[in-house]
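Descriptive analysis of the structure
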Amino acid sequence: PEQCTLKDRDCEWGEWEEWSKCGRCHDCRRNQQTKIRKINLQASGKGRPCNGESNITRTCGAENPRFCELTDWSEWTQCSKKCG
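Just so we're clear, the structure is a prediction, and the values are computed from it rather than from any experiment. (Residues numbered from 1 in each chain as written. Predicted model: local features only at pLDDT ≥ 70, side-chain atom pairs only at ≥ 80, totals over all residues. Heavy atoms only, no water.)

1. Some points on the overall build of the protein chain
- Helix and strand content of the protein chain: zero helices and four strands.
- What you see in the protein chain, going N to C, is helices and strands ordered as β-β-β-β.
- Considering the protein chain as a whole, with its 84 residues, one finds that 12% of them fall into the buried category.
- Considering only residue pairs separated by 6 or more positions, the protein chain has 63% of its internal contacts joining residues 24 or more positions apart. (Helix = DSSP H or I, 4+ residues; strand = E, 2+ residues; numbered from the N terminus. Buried < 20%, exposed > 50% of the residue type's maximum accessible area, 1.4 Å probe, protein only. Contact = heavy atoms within 4.5 Å.)

Structure, rendered in structure tokens:
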């Protein structure tokens, strides 16, 4: 009888997808975007597994550090309640 043997094949990653969109900058320190890639071909036999991450995350604005830059303070407004 013939034996079924797996061909030795290394894992292959697919291309990185585009970065996800950033949301509005309500809290610049927590606003993140993600980039993912998928495995195109799983390792078989004695092939090498895929190394590295399937997704990466960065803080929004990392590609443009001025994305969340604060501006100067505005003038004081009128008080909302009267004193006394």
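2. Details of the state of the cysteines
- Per the counting criterion, the structure on display carries one disulfide.
- Two residues, C11 and C50, share a disulfide whose sulfurs are 1.6 Å apart. A torsion of -80 degrees about the S-S bond marks the disulfide between C11 and C50 as left-handed. Of this pair, C11 sits in the segment before β1 (12–13) while C50 is found in the loop between β3 (39–41) and β4 (55–59), placing the two residues 39 residues apart along the sequence.
- Under the relative-accessibility criterion, C11 is labelled buried at 14%.
- Classification of C50 by relative accessible area gives buried; the value is 19%. (Disulfide = S-S within 2.5 Å.)

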